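Residue-level structure breakdown
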Amino acid sequence: CEFSGIGLGFLIVIIGITWIYFSIQKRKLMKQREKFFHQNGGLLLKQQLSSDEGGMESAKIFSIEDLEKATNNYSENRIIGRGGYGTVYKGILSDKSIVAIKKSRIMDESEVELFVNEVVILTQVNHRNVVKLIGCCLETEVPLLVYEYISNNTLYYHIHNSRGMPWFSWENRLRIATEAAGALAYLHSSAGMPVIHRDVKSPNILLDEFYTAKIADFGASRLVPIDQTRVTTLVQGTLGYLDPEYFRTGQLTEKSDVYSFGVVLAELLTGRTPLSAEKSEEETNLANYFVLLVNENRLFQIIEPRILREGSLEQISAVGETVKRCLELKGEERPTMKEVTMELERLRKYNPHSNKQEKIITPDGNMDSKGEQQADLYPVPITPEFSTGEYSVQFNLDSQLFHAINDPR
């Protein structure tokens, strides 16, 4: 009986020590999570969202366990994208819904603001052609954002890898361009506070299961007070898409997005990448070369053969002129995104077969619209010059290189 009493006492002591140990560990874990919450801008995020009624309601706060389970503990086979910002995983939540989980790399203090910025902007945006933010988790060493899952890769991927696919027709390219333009027009003028995306490019336009365009990656975006038309910022963007005026002056306006969108349109028309070291000096920069060909009435020399086959010359010429206007070196001479959207909508309604029998493309890339026979299309050799990742990467820009390739000829 004495031994059993000692055994019971010893058991109680062991249980007590174990309880104290786990209590301490739980407290440590809670303190660590609290530390990460602060480190990842949790207080700043709460502050920003407090002025936006209902903002937090539209974004769910996930626990660490929720997202570990959703990604099978961040398994390698769940990775769907990598970039300078970190890694994107495909996740399956407890309700069986599929999401994309963006796991940022470890950030310094200057980058926390970009992360918070993306959350704040996306909680205020509600548009069918903008990727929807579902929620976030700030309790881990690196912050996590949870988005709707977009299943059909990026526009960049399809431009440079899907030219032979039946669905990637001129009609569908024009629709995708119109949807993306409409989303940017909404961000510029219809959102609660105007938003300048600041990194518009084909890798940041995703396509869903129905090949509907979705604008993504708002980390570099800027909210612009309604009474301001421009803001001075540290230049950020992607070489080849970046507005030369913004690069030169640091003055960011909505017309900077217009320039970048013009480069995307040029990509859609030509199947070429924005920059290519393999091309001749004249052709290295797609934006400059495209404008040069439009000015010299040689646009059809660079247009992808399939587009020449499927679209009317008047329609293609009109899109080319729109691209040229978007790529004006002076921002004030560029159209607004609303005007671009309206023009693309108008061209979508244009009958693409109205002039099929009249189009002839001469070997120098000019158009002869008076011929009586159907054209043999001018063979434009198009090969993907290089491949990039599927998600946004920001570059450190070399000003000498940039000025060299963006110098108007």
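This write-up is about the structure you can find in this document.

Rules and cut-offs
Each chain carries its own residue numbering, running from 1 in the written order of its sequence. For a predicted model such as this one, the threshold for reporting local features is a pLDDT of at least 70, and the threshold for listing and counting side-chain atom pairs is 80 or more; totals across whole chains, interfaces and linings nevertheless cover every residue. Only hydrogens and water are set aside when side-chain values are computed; all heavy atoms of the structure are taken into account. Numbering of helices and strands starts at the N terminus; helices are DSSP runs of H or I of at least 4 residues and strands are runs of E of at least 2. A 1.4 Å probe rolled over the protein chains alone gives each residue an accessible area, and that area as a share of the maximum for its type sets the label: buried under 20%, exposed over 50%, partly exposed in between. Any two residues whose heavy atoms approach within 4.5 Å at even a single point are treated as in contact. Values of accessible area rely on a 1.4 Å probe in the Shrake-Rupley scheme; residue burial ignores everything except the protein chains shown. Two rings belonging to Phe, Tyr or Trp (six-membered ring only in the last case) form a pair when the distance between their centres is within 6.5 Å. Interplanar angles under 30 degrees mark stacking, angles over 60 mark edge-to-face geometry, and anything in between is tilted. Two cysteine sulfur atoms make up a disulfide if the distance between them is within 2.5 Å. For this analysis, a salt bridge means a side-chain nitrogen from Lys or Arg found within 4 Å of a carboxyl oxygen belonging to Asp or Glu. One bridge is not enough; two strands pair if DSSP finds at least two bridges between them. Take the buried residues of types Ala, Val, Leu, Ile, Met, Phe, Trp, Tyr and Cys, join any two whose side-chain atoms come within 4.5 Å, and each joined set is a nonpolar core. Only residues whose relative accessible area exceeds 30% and that form no salt bridge are eligible for patches; like-charged ones are grouped when within 9 Å, while nonpolar side chains (Val, Leu, Ile, Met, Phe, Trp, Tyr) are grouped when within 5 Å.

To continue, consider the overall build of the protein chain. What the protein chain contains, in helices and strands, is 14 helices and 14 strands. Counting the 409 residues in the protein chain, one finds 53% classified as buried. Residue pairs in contact within the protein chain that sit at least 24 positions apart in sequence constitute 67% of those at least 6 positions apart. When the accessible surface of the protein chain is summed, it comes to about 20500 Å², and 53% of that surface belongs to carbon and sulfur atoms.

Below, the discussion takes up the packing of aromatic side chains. On inspection of all chains with the given rule, the structure shows three aromatic pairs. Seen in terms of ring centroids, Trp167 and Tyr211 are 3.8 Å apart; in terms of plane orientation they differ by 25°. Their pairing is stacked. Remark: Tyr211 occurs in the loop between β8 (205–207) and β9 (213–215) and Trp167 occurs in the loop between α6 (155–161) and α7 (170–189); sequence separation between them is 44 residues. What makes Trp167 buried here is its relative accessible area of 14%. Aromatic rings pair up to connect Trp167, Phe168 and Tyr211 into one cluster.

Scanning the entire structure with this criterion turns up zero disulfides. Looking at Cys136, it has no disulfide partner, and the nearest cysteine sulfur is the one in Cys137, 7.5 Å off. Residue classification places Cys137 among the buried positions, given a relative accessible area of 0%.

Before going further, it helps to examine the pattern of salt bridges. A pair can form between side chains of opposite charge whenever their charged atoms are brought close. By the definition in use, this model includes 10 salt bridges. Where Arg175 meets Glu179, a salt bridge forms, and the shortest distance between an N and an O atom there is 3.1 Å. In this pair, Arg175 and Glu179 are both assigned in helix α7, four residues apart and thus about one turn of the helix distant. The exposure class assigned to Arg175 is buried, which follows from its relative accessible area of 14%. Residue classification places Glu179 among the buried positions, given a relative accessible area of 12%.

Before going further, it helps to spend a moment on the pairing of strand β4 (residues 98–104). A large share of β4 lies buried, amounting to five of its seven residues. In this antiparallel pair of consecutive strands, strand β3 (residues 86–92) and β4, the connection spans five residues, and Lys96 shows a positive phi of 75°. Bridging between β4 and strand β6 (residues 144–148) involves five bridges; their strand directions are antiparallel. From the neighbouring strand, Ala100 faces β6, where its bridge partner is Tyr147.

What follows concerns the environment of Leu329. As for its position among the elements, Leu329 is in the loop between α12 (313–326) and α13 (337–348). Leu329 sits 83 residues away from Tyr246 along the chain, and the two C-alpha atoms are 9.9 Å apart.

One broad trend across soluble globular proteins is that nonpolar side chains are buried collectively. Counting residues in hydrophobic clusters, the biggest one holds 73 residues, and the most contacted among them are Phe261, Leu269 and Ile303. The element that contributes the greatest number of residues to this core is α7, accounting for 11 residues. Core analysis: the next-biggest nonpolar cluster, separate from the first, contains 13 residues, Ile79, Tyr89, Leu93 and Ile101 among them.

Once that is clear, we can look at a nonpolar patch on the surface. A surface patch of nonpolar side chains, amounting to about 400 Å² of accessible area, comprises Leu8, Leu11, Ile12 and Ile15. The topology assignment puts Leu8 in helix α1 (residues 2–39).

Moving on to the side chain of Ser260. Among the structural elements, Ser260 can be located in helix α9 (residues 254–270). Sequence-distant contacts of Ser260, that is, excluding residues within four places in its chain, are made with Val200 and Tyr241.

It is worth spelling out the pairing of β6 at this point. Counting buried positions along β6 yields four of five residues, so the element is predominantly enclosed. The pairing of strand β5 (residues 133–137) with β6 spans four bridges and is classified as antiparallel. Across the sheet, the residue bridging to Cys137 is Leu144, located in β6.

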